[in-house]
Amino acid sequence: MNLQFKEEQKFSFWWLWLILIGMTVFQLWQIFDTMSTNYTINLHRLSQSTLLLPIVISLASLLFFYTLKLKTTINSEGIYVHFFPLVKRHTLWKDIEHLHVIRYGFVGGWGIRLWTKYGTVYNTRGQVGLFITLKSGKKFLIGTQKESELKAYIEKHHKTKISIPLSSSLGPQNPTY
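Every chain is numbered on its own, with residues counted from 1 as its sequence reads. Thresholds applied to this predicted model are a pLDDT of at least 70 for local features of residues and 80 or more for the giving and counting of side-chain atom pairs; totals over whole chains, interfaces and linings are not thresholded and use all residues. To obtain the side-chain values, all non-hydrogen atoms of the structure were used and water was disregarded.

Draft legend 1. Spatial organisation of the pairing of strand S2 (residues 69-74). As paired elements, strand S1 (residues 5-9) and S2 share five bridges and run antiparallel to each other. Residue pairing across strands places Lys6 opposite Thr73, the latter belonging to S2. Between any two strands, at least two bridges found by DSSP are needed for them to pair. Helix numbers and strand numbers start at the N terminus; a helix is a DSSP run of H or I with at least 4 residues, a strand a run of E with at least 2. Note that S2 and strand S3 (residues 78-84) share six bridges and pair antiparallel. Bridging from a neighbouring strand, Lys71 pairs with His82 of S3.

Listed below in C-alpha cells is the structure:
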C-alpha cells in the first residue's frame, strides 16, 4: 500500500537547452576570439571583467535551469511543494477546502506564475495540475505529469479529507470556486 505520492519534474525542453548551451558556446568563442587576435589592443579597449561577464551570466543560467526541480509530495500530513531552489511550501490537509485535478491550459509560461485565476501556479510543462483552494480562500496549482497516478492516489487515500470529490481532468477548464 503506497502511503505517499511523489513526483519530481525538471525543465526538459530540448530547445531551451539548445538556446542556453548555444549562448554559452557563443560567449566562449567571443572571448577566445578577442583574446587571440590583437591581445594587447583588445585588452586596452575592454577590461577583463567586461569580457568575462557574458560567460558568467551564460554559465549561471545553465546552472540555474539545470538545478530547477519541481518536487511534489503528498502524504497523510498534507501536500509539500518544493520548487528548488526558489520555493518550499507545505499545506496541511486541515487547511484545504477543495481539491481538483484539472486541465488548466496555458497560464503565461512555465515556472512559477503569480496572480493567475488559479492563484500561484507551479509547473514545468503540460496543462494538467492539482488545483487547491484553501479554507482561507487562497488558491494554488501544482502541475503534474502523472495525472492518473495523482488522481488515483488522492481518491484512495485522501478523499475524506476534502469537502468535494475530485473533478474529471477532462472536465471544465474553469472549476467552480
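Draft legend 2. Spotlight on a nonpolar patch on the surface. Only residues whose relative accessible area exceeds 30% and that form no salt bridge enter a patch; like-charged residues are grouped when within 9 Å of one another, and nonpolar side chains (Val, Leu, Ile, Met, Phe, Trp, Tyr) when within 5 Å. Shrake-Rupley sampling with a 1.4 Å probe provides the accessible areas, and residues are treated as covered by the protein chains on show and by no other component. Should a side-chain nitrogen of Lys or Arg be within 4 Å of a carboxyl oxygen of Asp or Glu, the pair is scored as a salt bridge. Taken together, Trp14, Trp15, Leu18, Ile19, Met23, Phe106 and Trp110 make up a surface patch of nonpolar side chains, about 810 Å² in accessible area. With respect to the secondary-structure elements, Leu18 resides in helix H1 (residues 14-36). Working definition: with a 1.4 Å probe on protein chains only, accessible area under 20% of the residue-type maximum means buried, over 50% means exposed, and in between means partly exposed. The class for Leu18 is exposed, based on a relative accessible area of 56%.

Draft legend 3. Representation of the environment of Ile102. Turning to its location among the elements, Ile102 is positioned in strand S5 (residues 96-103). Classification of Ile102 as buried rests on a relative accessible area of 1%.

Draft legend 4. Layout of the packing of aromatic side chains. Ring pairs are drawn from Phe, Tyr and Trp, using the six-membered ring of Trp, whenever the two centres fall within 6.5 Å, and their geometry is named by plane angle: stacked under 30 degrees, edge-to-face over 60, tilted for the rest. Taken as a whole and judged by the stated rule, the model has seven aromatic pairs. Ring centres of Tyr104 and Tyr118 lie 6.4 Å apart, and the angle between their planes is 70°; on these two criteria the pair is classed as edge-to-face. Of this pair, Tyr104 sits in the loop between S5 and strand S6 (111-116) while Tyr118 is found in the loop between S6 and strand S7 (119-123), placing the two residues 14 residues apart along the sequence. We note that Tyr104, like Tyr118, is buried.

Draft legend 5. Spotlight on the sheet that holds strand S8 (residues 128-134). The strand order across the open sheet built from five strands is S5-S8-S9-S7-S6, with neighbouring strands paired in mixed fashion. The two strands at the open ends of the sheet, each matched to only one other strand, are S5 and S6. The average undirected angle you get between the axes of adjacent strands in this sheet is 15°. Two elements, S5 and S8, share seven bridges in a ladder whose sense is antiparallel. By the bridge assignment for S8, Leu99 is matched with Ile132. Here helix H4 (residues 147-157) sits on the sheet in contact with S5 and S8, set at roughly 150° to S5. Throughout, an axis means a line fitted to C-alpha atoms (over the contacting stretch in the case of helices), and angles, computed between N-to-C directions, take values from 0 to 180 degrees. Note on contacts: a residue pair is in contact if any heavy atoms of the two residues lie within 4.5 Å.

Geometric values such as these leave the question of function open.
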